[in-house]
Amino acid sequence: MAKEKEIKREEICYQITRDSYIYQAVERFIETTRRIDKSTSISKYTKFQYFLIKRDKDNKILSMKEYPSINSLLKDFKHKHDPEGAVMKAQCALCEVPLIKFYENYPNPVCRECDSKAVNLRGEEPKWNSWADEGENPVFINGKKCWRRYRFGGYITMFDPYDSRDEAEFYEKSGFIKKRKRREV
Ligand SMILES: [Zn+2]
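The structure displayed is predicted, hence computed values, not measured ones.

1. Observations concerning unusual backbone geometry
Part 1 of the argument: A cis geometry characterises the amide bond from Asn-137 onward to Pro-138, with omega recorded as -10°.
Part 2 of the argument: Structurally, Pro-138 is set in the loop between strand 6 (134-135) and strand 7 (139-141).
Part 3 of the argument: A positive phi angle, near 60°, is found at Ser-20, a position not held by glycine.
Part 4 of the argument: With respect to the element layout, Ser-20 can be found in the loop between strand 1 (3-18) and strand 2 (21-35).
Part 5 of the argument: Taking the C-beta count within 10 Å as the criterion, Ser-20 has 7 such neighbours and is therefore assigned exposed.
Part 6 of the argument: With phi around 55°, Phe-152 is a residue other than glycine that occupies positive phi space.

Here's what the structure looks like:
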C-alpha cells in the first residue's frame, strides 16, 4: 500500500503591523512523499502556495487570500501595505517585481520568472549541477548579461549593467565583495 506523508513549512516573507492588524506575505511549501512499497521507490511531489494573511493582535487569522505566484503576492502586498517600499526593499533588476528579503543581500537580483528565460552563450538553457554548486556563466535574459551565483544547491541570478569580463569583476564593480566581507552572505 502506498503511504503518503505531507510536510508543511511556512515562511513569512514580509510582515507589517498597521492599525493593530498584522499583514503577512506567506510562502507555504508542501512536500508529499509517496512510498510505492516497503523497499523501493519513493516519489516526491513539491508544491508552493502563496497567501496574504490578515491577523488581529492576538495572532488570530481574520482573512487569507491565495495568489497564483510569489510575484503576484508580493506585488499586491507592496501595493496595499508598503507602497513607499520602506520594508520591502528588494526588487527584480529587470522587471521591478518585489522580491523576498533574502535578495536584499545581492546586487541587481533577478526574479525567478525573468530567470526562467535565461540562456547561455549558445542560446541554450544554462546547465547547472546542484551537487557541486556550479553551473554556466554568464547567462543572458533578453540579451542582458547576468551572472549566477551557485550555492547551497540553488542559485541566484544578478543583472550585470557593467558588461563585466567575469564574475569577480562584476562583484567588484557592484560593491558585493566589500559587503560580503562585512557579513558573510
Ligand atoms: Zn523579473
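Structure shown, so let's carry the discussion forward.
2. Looking at the nonpolar core
Part 1 of the argument: In terms of nonpolar packing, the biggest core is built from 27 residues, with Leu-73, Leu-74, Cys-92 and Val-110 touching the most fellow members.
Part 2 of the argument: Contributions of two or more residues to this core are made by strand 3 (42-55), helix 1 (70-81), strand 8 (144-151), strand 9 (154-159) and helix 3 (167-174).
Part 3 of the argument: If you count residues domain by domain, this core takes at least three from each of domain 1 (1-88) and domain 2 (90-185).
Part 4 of the argument: Those residues in contact with Leu-74 that lie beyond four places of it in its chain are Cys-13, Ala-25, Val-97, Pro-98 and Leu-99.

3. A closer look at the environment of Ile-36
Part 1 of the argument: Along the polypeptide, Ile-36 turns up in the loop between strand 2 and strand 3.
Part 2 of the argument: Expressed as a C-alpha distance, the spacing of Ile-36 and Glu-4, which sit 32 residues apart in the sequence, is 9.3 Å.

4. Details of the domain arrangement of the chain
Part 1 of the argument: Here the chain is partitioned into domain 1 (1-88) and domain 2 (90-185).
Part 2 of the argument: Look at where the C-alpha atoms of domain 1 and domain 2 centre, and you get two points 25 Å apart.
Part 3 of the argument: Each partner contributes to the interface: domain 1 provides six residues, whereas domain 2 provides eight residues.
Part 4 of the argument: Counting residues per element, the side of domain 1 that touches domain 2 draws most heavily on helix 1, at four residues.
Part 5 of the argument: Of the residues that constitute the side of domain 1 that touches domain 2, the class distribution is three nonpolar, one polar and two charged.

5. Details of the sheet that holds strand 8
Part 1 of the argument: Taken in spatial order, the three strands line up as 7-8-9 in an open sheet, and their pairing is antiparallel. Whereas interior strands pair on both sides, the edge strands pair on one side only; in this sheet they are strand 7 and strand 9. Along the sheet, successive strands turn relative to each other by an average axial angle of 40°, direction set aside.
Part 2 of the argument: In the sheet, strand 8 pairs with strand 9 via six bridges, with the strands oriented antiparallel. Looking at strand 9, one finds that Trp-147 is bridged to Met-158.

Rules of the game
Each chain carries its own residue numbering, running from 1 in the direction its sequence is written. It should be noted that, the model being predicted, local features are given only for residues of pLDDT at least 70 and side-chain atom pairs only at 80 or more, the latter also being counted only at that level, while totals for whole chains, interfaces and linings use all residues. By definition, any uninterrupted DSSP run of H or I lasting at least four residues is a helix, any uninterrupted run of E lasting at least two residues is a strand, and each is numbered from the N terminus. Whether a residue is buried, exposed or partly exposed is read from the other C-beta atoms within 10 Å of its own C-beta, which are placed from the backbone; 20 or more gives buried, 12 or fewer gives exposed, and intermediate counts give partly exposed. By definition, a nonpolar core groups buried Ala, Val, Leu, Ile, Met, Phe, Trp, Tyr and Cys residues that are joined through C-beta atoms within 7 Å. Residue ranges for the domains originate in an automatic or database domain assignment. Here, residues touch in the contact sense if the C-beta positions derived from the backbone fall within 7 Å of one another. Any residue outside Ala, Val, Leu, Ile, Met, Phe, Trp, Tyr, Cys, Pro, Asp, Glu, Lys and Arg is labelled polar, Gly included; the first ten of those are nonpolar and the last four are charged. DSSP calls a pair of strands paired once it identifies at least 2 bridges connecting them. Helix axes use the C-alpha atoms of the stretch in contact, all axes being lines fitted to C-alpha atoms, and the angles between their N-to-C directions lie in the range 0 to 180 degrees.

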